[in-house]
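So you can see what is in the structure, the chains are spelled out below.
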Amino acid sequence: MPLSWIGVSIAIIVLSVPAAAAQEAQTWESLAVEGRRALSSGRLDGAETAFVAALALAESNPSDATRLASSLENLASVYEATGRAPEAIALYRRALPIWETELGPRHRQVAASLNNLAVAIHLQGSYAEAEPLYLKCLALWEDLLGKEHVTVASCASNLAALYIADRRSADAEPLLVRAIAVREKNLAADDPAIAESIKLLASVLRAQKKFVEAERAYGRLAALTEKRFGPSHEALAQTLEQQAAVLRELNRVSEALPIEERVKSIRAHSGLNDQAR
């Protein structure tokens with residue numbers, strides 16, 4: 001499951017300062033902008049070069065702590081994207097207490113930083129360490145934004161993904177139910193995030209042998225998938241295949257058979273076969 005990194009833009013305001021300091025701030029801002037542009041366009045080497053230079057400038061002027069924290073997280077995002085998770089985690093760990101000190105512990109940037117540190121640790125497989133960070137992040141987002149905000153749903157989905165990876169399907173289920181409800185309330189009906197959450201919920205229900213609920217979830221997912229990709233897409237075939245398998249678990253073979261025939265038809269039409277999948 002794709003996890004959600006959360007960013008919060010912090011404005012750095014330079015008031016009455018000496019010309020040299022103002023020039024340094026402008027240079028730092030230029031490097032930060034250059035790095036973000038390179039990162040968004042997939043030029044990871046260019047992003048790393050710019051962010052390393054920005055971090056060096058920020059470390060040379062420790063009086064501007066927010067600039068330092070921002071530099072640390074910018075570079076951490078590049079390390080994360082290039083598979084250097086331990087280095088990314090180290091930078092996220094440095095940034096978080098700076099944000100807490102400068103902005104207070106109940107700030108959106110602190111919540112975003114908690115989430116991003118939790119995601120990085122989660123992806124390293126350190127579930128026991130990541131879980132309390134997610135829980136703290138979730139509670140903070142709820143307090144700041146309310147329980148029905150889409151950012152809260154993203155954080156809940158991240159925690160659910162951790163529980164799924166840790167084979168704790170029963171813990172993941174209520175988080176996914178909640179995320180789906182919030183996303184359906186706030187997003188367009190065909191938003192991919194809704195389908196992704198339903199897909200995860202279906203797998204969690206199936207893992208718990210809640211086959212009736214799982215079949216319904218796969219049915220909802222099939223409808224969304226067909227609407228998004230059309231009636232002949234492999235993503236639809238995969239969803240229908242899962243739905244048919246659950247129907248067989250329920251001994252509802254007569255309902256599974258036409259779905260299985262449809263899967264064969266989709267794959268025959270697209271030229272896919274079992275060996276190609």
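Calculation criteria
- Residues numbered from 1 in each chain as written.
- Predicted model: local features only at pLDDT ≥ 70, side-chain atom pairs only at ≥ 80, totals over all residues.
- Heavy atoms only, no water.
- Helix = DSSP H or I, 4+ residues; strand = E, 2+ residues; numbered from the N terminus.
- Buried < 20%, exposed > 50% of the residue type's maximum accessible area, 1.4 Å probe, protein only.
- Contact = heavy atoms within 4.5 Å.
- Areas by Shrake-Rupley, 256 points an atom, 1.4 Å probe, with all protein chains shown as cover.
- Salt bridge = Lys/Arg side-chain N within 4 Å of Asp/Glu carboxyl O.
- 1 Å grid on protein atoms, 1.4 Å probe; cavity = no way out; pocket = protein on both sides within 12 Å on 5 of 7 lines; lining within 4 Å.
- Points joined across faces, edges and corners; volume = space filled by probe spheres on them.
- Nonpolar A, V, L, I, M, F, W, Y, C, P; charged D, E, K, R; others polar.
- Expected span 1.5 Å × (residues − 1).
- Axes fitted to C-alpha atoms, helices over the stretch in contact; angles between N-to-C directions.
- Parallel < 35°, antiparallel > 145°, perpendicular 65-115°, else oblique.
- Left-handed = near helix turned anticlockwise from the far one by under 90°.
- Core = buried A, V, L, I, M, F, W, Y, C linked by side-chain atoms within 4.5 Å.

1. Some points on the overall build of the protein chain
Here comes step 1: A count of helical and extended segments in the protein chain gives 12 helices and zero strands.
Here comes step 2: Seen in sequence order, the protein chain has helices and strands lined up from the N terminus as α-α-α-α-α-α-α-α-α-α-α-α.
Here comes step 3: Taking all 277 residues of the protein chain together, 43% fall into the buried category.
Here comes step 4: Residue pairs in contact within the protein chain that sit at least 24 positions apart in sequence constitute 59% of those at least 6 positions apart.
Here comes step 5: Total accessible area computed for the protein chain in this model is approximately 13,900 Å², and 52% of it derives from carbon and sulfur atoms.

2. Some words on the pattern of salt bridges
Here comes step 1: Under the counting rule described, the total for this entry stands at 21 salt bridges.
Here comes step 2: Ionic pairing is found between Glu173 and Lys210, a salt bridge with its closest N-O pair at 2.9 Å. Of this pair, Glu173 sits in helix α8 (residues 169–186) while Lys210 sits in the loop between α9 (192–207) and α10 (211–229); the two residues are 37 residues apart in sequence, bridging distant segments of the chain.
Here comes step 3: Look at Lys210 and you get partly exposed, because its relative accessible area is 29%.
Here comes step 4: In this structure, a network of salt bridges that share partners links the residues Glu131, Asp166, Arg168 and Asp171.

3. Focus on the layout of surface pockets
Here comes step 1: Put simply, the second largest pocket is a space of about 390 Å³.
Here comes step 2: In this structure, the second largest pocket is lined by 20 residues; those nearest its centre are Lys199, Leu221, Thr225, Ala235 and Thr239.
Here comes step 3: Taken together, the elements giving at least two residues each to the lining of the second largest pocket come down to α9, α10 and α11 (234–249).
Here comes step 4: When residues in the lining of the second largest pocket are grouped by element, the largest group, seven residues, is from α9.
Here comes step 5: Looking at the lining of the second largest pocket residue by residue, the classes come out as 10 nonpolar, five polar and five charged.

4. Observations regarding α8
Here comes step 1: For α8, which comprises 18 residues, the first-to-last C-alpha distance of 26 Å matches the rise-based estimate of 26 Å (1.5 Å per residue) to within 8%.
Here comes step 2: Buried within α8 we find Ser169, Ala172, Glu173, Leu175, Leu176, Ala179, Ile180, Val182 and Arg183.
Here comes step 3: Of the surrounding elements, those touching the buried residues of α8 are α6 (127–145), α7 (150–165), α9 and α10.

5. Overview of the packing of α6 against α7
Here comes step 1: Two numbers describe how α6 lies on α7: the axes approach to 9 Å, and their chain directions differ by 160 degrees. By the criterion of interaxial angle, the relationship of α6 to α7 is roughly antiparallel. With respect to the hand of their crossing, α6 and α7 are arranged in left-handed fashion. Residue-level contacts link Tyr127, Ala130, Glu131, Tyr134, Leu135, Cys137, Leu138, Trp141, Glu142 and Leu145 of α6 to Thr151, Val152, Cys155, Ala156, Asn158, Leu159, Leu162, Tyr163 and Ala165 of α7.
Here comes step 2: Counted by class, the contact of α6 with α7 contains 15 nonpolar, two polar and two charged residues.

6. What about α7?
One turn of the α-helix equals 3.6 residues, which is why residues spaced by three or four share an orientation.
Here comes step 1: Between the first and last C-alpha of α7 there are 23 Å, a value that for 16 residues agrees with the 22 Å anticipated at 1.5 Å per step.
Here comes step 2: With respect to burial, α7 is a largely interior element, 13 of its 16 residues being buried.

7. Side note on the nonpolar core
Within soluble globular proteins, side chains that are nonpolar generally end up buried alongside one another.
Here comes step 1: Leu72, Leu114, Leu117, Tyr134, Leu138, Trp141 and Leu175 are the most contacted members of the largest nonpolar core, which totals 68 residues.
Here comes step 2: Broken down by element, this core gets its largest block of residues, nine residues, from helix α5 (residues 108–123).
Here comes step 3: Within the second largest apolar cluster, 10 residues are counted, among which are Leu236, Leu247, Ala256 and Ile266.

8. Quick word on the packing of α10 against α11
Here comes step 1: At a minimum axis separation of 9 Å, α10 and α11 run at an interaxial angle of 160 degrees. Classed by the angle they form, the pair α10 and α11 counts as roughly antiparallel. For the element pair α10 and α11, the recorded crossing hand is left-handed. Residues Phe211, Ala214, Glu215, Tyr218, Gly219, Leu221, Ala222, Thr225, Glu226 and Phe229 of α10 form the contact with α11, whose own contacting residues are Ala235, Leu236, Thr239, Leu240, Gln242, Gln243, Val246, Leu247 and Glu249.

9. Comments concerning the environment of Val78
Here comes step 1: Tracing the backbone shows Val78 in helix α3 (residues 65–81).
Here comes step 2: Remark: the alpha-carbon pair of Val78 and Leu44, spanning 34 residues in sequence, is separated by 6.6 Å.
Here comes step 3: If we ignore the near neighbours within four places in the chain, the residues touching Val78 are Leu39, Leu44, Ala47, Glu48 and Phe51.

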